[in-house]
Amino acid sequence: MSLRNKTIVLLSAAVLSILAGICIGSVPVSPLAIGQVFAHELWGANLPPDFPAVYPGLIWSIRVPRVLLTFLVGAGLAVSGAVMQSVLKNPLASSFGLGVSSGAGFGAAVLIVLGAAGGWLGIFLMPVVCLLCGLGTVIFAMAAAAKIDRGLSNNTIILTGMVLSLFLNALMTTLAMSNPKHTQRLMLWQLGSFSAKEWRHAAPVAVVVPVCILFFCAFARELDLMTFGEEQAAALGVNLKRTKWLLICVVALLTGTCVAFVGVIGFVDLIAPHVVRRFFGPGHRLLIPFSAIFGGTFMVLCDLAARTLASPSEIPIGSITALIGAPFFLYIFLARRKGESHAER
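Keep in mind the model is a prediction, meaning the values are calculated, not measured.

A. A look at the overall build of the chain. When helices and strands are tallied, the chain shows 14 helices and zero strands. Ordered by position from the N terminus, the helices and strands of the chain form the series α-α-α-α-α-α-α-α-α-α-α-α-α-α. The C-alpha atoms of the chain give a radius of gyration of 21 Å, which matches the 20 Å a tight globule of 345 residues would have. With the C-alpha coordinates of the chain rotated into their principal frame, the extents come out at 70 × 55 × 35 Å. Of the contacts formed within the chain by residues at least 6 apart in sequence, a portion of 76% connects residues at least 24 apart. Computed over 23 positive and 13 negative side-chain charges, the separation of the two mean positions in the chain equals 3 Å.

In structure tokens form, the structure reads like this:
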């Protein structure tokens, strides 16, 4: 299939998933009704006299911001995974595995326990704290890795990040169980949820995610060179230390912002880049934007499953992504081991 046709298929899937996310729910709505509400809200068009009174609020104030936030978070996490895999030159690397998500989630959990996560103050304070905690986790992981391995090999960074991630998850669980008042919210936070999200939650993410994606697109050449090897990249003029730190810091910003509003969601940053590389190749000029589109589409479909499979209850989104992502992680790991054993022969 040509690049043009594959692009059309991916874009069509994205549009259809967004439309399905808005249409399907406890109260089904038609695409025509969605179009009428959009025309009314954006351009002041009159609604038909027999138009259901519940539709404008349901569509514009509840489902649209939720689906928009879901798509943007999926896009942001997918791109962060693509960048981490290239920077660390490891197909199993991700912002979730390196501890960025867990660090940001721990920062959010502390704010929830302190009662500083609500209201408009929480909307602005949460991303800042999540960014600082996510970035602090990365810095600590890399500093610890440097103590263990002076060469700061990528495998050492990944293993250190995974250990730190498990430790922070344990701290979050301890916080949840020792604060009964916040237990349910904190446990949901650890698995992620898009429930009850409004425009005030989607707006900050709608600013940060596109800016970070454009930033990574500007570094497509450097990421391509780093994928082929650090020695080759350095020989071609890439300042490896500066570029690696800069990219990881922006990944922390991107991941921290996503986690701040929806909680910790794993495996999206692992799955999306691998699928996109399979169909669009490893070049970051295509990998980054297409990972964003695929990740957003994947997240919208997972959220749709989360709120419909056990209706009227809602399954945490992290459970859905883990059910898909854990076997995928095992597949990538075994495929990598198989490739290494063939190379040794």
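B. How the structure looks around the state of the cysteines. All chains considered together, the criterion is met by zero disulfides. Here Cys23 is not disulfide-linked; the sulfur of Cys302 is the nearest cysteine sulfur, at 19 Å. Assessed through its relative accessible area of 11%, Cys23 is described here as buried. Cysteine Cys130 is unpaired, with the sulfur of Cys133 as its nearest cysteine sulfur at 6.8 Å.

C. Main features of the pattern of salt bridges. Scanning all chains against the criterion turns up four salt bridges. Linking Arg66 and Glu314 is a salt bridge whose minimum nitrogen-to-oxygen distance equals 2.7 Å. Taken together, the residues span a long stretch of sequence, with Arg66 in helix H3 (residues 55-87) and Glu314 in the loop between helix H13 (284-308) and helix H14 (317-344) at a distance of 248 residues. Residue Glu314 is classed as partly exposed on the basis of its relative accessible area, which comes to 32%. For Arg200, the salt bridge goes to Glu198, with nearest N and O atoms at 3.0 Å. Judged by its relative accessible area of 29%, Arg200 falls in the partly exposed class. On the basis of relative accessible area, Glu198 is assigned to the partly exposed category, the value being 36%. Shared partners join several salt bridges into a network, and the residues in it are Arg66, Asp303, Arg307 and Glu314.

D. Region of interest: the layout of surface pockets. Volume-wise, the second largest pocket comes out at about 340 Å³. Lining the second largest pocket are 17 residues, with Gly25, Ser26, Arg66, Arg307 and Glu314 sitting closest to its centre. Where the lining of the second largest pocket is concerned, the elements lending two or more residues are H3 and H13. Considering every element that reaches the lining of the second largest pocket, the biggest residue donor is H3, with five residues. Considered class by class, the residues forming the lining of the second largest pocket number five nonpolar, six polar and six charged.

E. Geometry of the packing of aromatic side chains. Scanning the entire structure with this criterion turns up seven aromatic pairs. Residues Phe215 and Phe219 carry aromatic rings whose centres are separated by 4.8 Å and whose planes lie at 40° to one another, so their mutual orientation is tilted. Phe215 sits in the partly exposed class, given a relative accessible area of 25%. Taken together, a centroid distance of 6.4 Å and an interplanar angle of 10° make the contact between Phe294 and Phe298 stacked.

The rules behind these values
All residue numbers refer to position in the chain's written sequence, counted from 1. Note on the predicted model: pLDDT of at least 70 is required for a residue's local features to be given, and 80 or more for side-chain atom pairs to be given and counted; whole-chain, interface and lining totals, by contrast, use all residues. Excluded from the side-chain calculations are hydrogens and water; all other atoms, namely the structure's heavy atoms, are used. Here a strand is any run of E in DSSP of at least two residues, a helix any run of H or I of at least four, and the numbering for each starts at the N terminus. Values of the radius of gyration come from C-alpha atoms, whereas the globule rule sets the reference at 2.2 Å times the count of residues to the power 0.38. Note on definitions: a residue-residue contact is assigned when non-hydrogen atoms from the two residues lie within 4.5 Å. Positive charge is attributed to Lys and Arg, negative charge to Asp and Glu, and no charge count is given to His or to the chain ends. All charge positions are set by atom: Lys at NZ, Arg at CZ, Asp at CG, Glu at CD. Cysteine sulfur atoms are paired as a disulfide whenever they come within 2.5 Å of each other. Any residue under 20% of the maximum accessible area for its type is buried, any over 50% is exposed, and the rest in between are partly exposed; the area is computed with a 1.4 Å probe on protein chains only. Put simply, a salt bridge is a Lys or Arg side-chain nitrogen that is within 4 Å of an Asp or Glu carboxyl oxygen. Grid points spaced at 1 Å and placed over the protein atoms alone form the basis of the search, with a cavity being a set where a 1.4 Å probe fits but cannot get out and a pocket an open set showing protein on both sides within 12 Å along at least five of seven lines. Lining residues have an atom within 4 Å of a point. Grid points are joined across faces, edges and corners, and a volume is the space filled by probe spheres set on the points. Charged means Asp, Glu, Lys or Arg here, nonpolar means Ala, Val, Leu, Ile, Met, Phe, Trp, Tyr, Cys or Pro, and polar covers whatever is left, Gly included. Pairing of aromatic rings covers Phe, Tyr and the six-membered ring of Trp, with a centre-to-centre limit of 6.5 Å; geometry is then stacked below 30 degrees between planes, edge-to-face above 60, and tilted otherwise.

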